[in-house]
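# Topology and contacts: notes
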Amino acid sequence: MSQAIGNTALAYARVWHHVDASERVLGKLAERIAIVLMGKHKPIFDPGADCGDYVVVTNARNIKVTGKKAQQLVYRHHTMFPGGLKEIQYKDMMRRKPDEIIRQAVSGMLPKNKLRERRLERLRIFSDDDMGVFKHNILKRWEDGTLPPRTN
């Protein structure tokens, strides 16, 4: 009786991608980030396996939204106390925590399963151009042809 052996750790080797979010549309950028975090761009993609890559996003403060979303978008969370629903407008969230805007957009585009949190841990977001020690890990930039380049 033979047993099938799955992919080794080398097959799931993770690559670090760098994305500059300056003047990029939030939804389109979040979609591409979610694809890389899931590993759908790899030929060995398996929905039940976590084979995605790392993504480092810089300049999160300069991201754009289309239409009237800048005035209409509201982020909600609950403190779990009675009457504890908190609402934060998009412009206030952009001033206080611009990285959380991208993180919530990407989180909404990932599958709602047990791998979601593990995939989100591989997402690093910085509000300005400085990414600290992560700049030494970057192997691919999206303008290199890893994913389709943005068209303006």
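The present account deals with the structure reproduced in this document.

Calculation rules
Residues numbered from 1 in each chain as written. Predicted model: local features only at pLDDT ≥ 70, side-chain atom pairs only at ≥ 80, totals over all residues. Heavy atoms only, no water. Helix = DSSP H or I, 4+ residues; strand = E, 2+ residues; numbered from the N terminus. Contact = heavy atoms within 4.5 Å. Buried < 20%, exposed > 50% of the residue type's maximum accessible area, 1.4 Å probe, protein only. Pairing = 2+ DSSP bridges. Salt bridge = Lys/Arg side-chain N within 4 Å of Asp/Glu carboxyl O. Expected span 1.5 Å × (residues − 1). Phe/Tyr/Trp six-rings, centres within 6.5 Å; stacked < 30°, edge-to-face > 60°. Axes fitted to C-alpha atoms, helices over the stretch in contact; angles between N-to-C directions.

This next bit is on the environment of Tyr 75. For Tyr 75, the position within the fold is in strand β3 (residues 74-78). A sequence separation of 13 residues divides Tyr 75 from Ile 88, and the C-alpha atoms of the two residues are 5.2 Å apart. The contact partners of Tyr 75, leaving out residues within four places of it in the chain, are Leu 26, Lys 86, Glu 87, Ile 88, Tyr 90, Met 93, Ile 101 and Gln 104.

What follows is about unusual backbone geometry. Of note, the phi angle at Glu 23 is positive, near 60°, even though the residue is not glycine. Within the fold, Glu 23 resides in the loop between β1 (16-20) and α1 (26-38). Relative accessible area serves as the criterion here: at 48%, Glu 23 is assigned to the partly exposed category.

Turning our eyes to something else, we now look at the pairing of β3. Bridge count between β3 and strand β4 (residues 85-89): five bridges; the pairing is antiparallel. In the sheet register, Val 74 faces β4, and the bridge partner there is Gln 89. Remark: six residues form the turn of the hairpin made by β3 and β4, two consecutive strands paired antiparallel; Met 80 in that turn has positive phi of roughly 70°.

A few words now on the pattern of salt bridges. Counted according to the given criterion, the structure contains seven salt bridges. Arg 76 is paired through a salt bridge with Glu 87; the nearest N and O atoms lie 2.9 Å apart. Of this pair, Arg 76 sits in strand β3 while Glu 87 is found in strand β4, placing the two residues 11 residues apart along the sequence. For Glu 100, the salt bridge is made with Arg 103, and the minimal N-O distance between the two is 4.0 Å. Of this pair, Glu 100 and Arg 103 are both found in helix α4 (residues 98-109), three residues apart, which corresponds to roughly one turn of the helix. Taking the relative accessible area as the measure of exposure, Arg 103 reaches 24% and is therefore partly exposed.

As a further point, take α1. Taking 1.5 Å per residue, 13 residues should reach 18 Å; α1 reaches 18 Å between its end C-alpha atoms and fits that length. Listed as buried for α1 are Leu 26, Leu 29, Ala 30, Ile 33, Ala 34, Val 36, Leu 37 and Met 38. Turning to α1, the residues buried within the fold contact β1, β2 (54-58), β3, α4, α5 (116-121) and β5 (123-125). Immediately downstream of α1, the backbone of Gly 39 shows phi near 90°, a positive value.

To continue, consider the packing of aromatic side chains. Enumeration over the complete set of coordinates arrives at three aromatic pairs. On the basis of an interplanar angle of 25° and a centroid distance of 5.6 Å, the ring pair of Trp 16 and Phe 134 is categorised as stacked. In this pair, Trp 16 sits in strand β1 while Phe 134 sits in the loop between β5 and β6 (140-141), placing the two residues 118 residues apart along the sequence. The pair Trp 16 / Phe 134 is uniform in exposure class, with both members buried. Where Phe 126 meets Phe 134, the ring centres are 5.9 Å apart and the plane angle is 45°; that geometry is what we call tilted. Here Phe 126 and Phe 134 have matching classes, each one buried. Counting every residue linked through ring pairs, the aromatic cluster contains Trp 16, Tyr 54, Phe 126 and Phe 134.

The next point concerns the sheet that holds β5. Whenever strands of a sheet pair, they do so through backbone hydrogen bonds, lying parallel or antiparallel. An order of β5-β2-β1-β6 is seen for the four strands of this open sheet, with the pairing classed as parallel. The sheet terminates laterally at β5 and β6, the two strands that pair on one side only. Pairing of β1 with β2, which is carried by five bridges, proceeds in the parallel orientation. Bridge assignment links His 17 to a residue of β2, and that residue is Val 55. Along the sheet face, α4 touches β2 and β5 and points at about 155° away from the line of β5.

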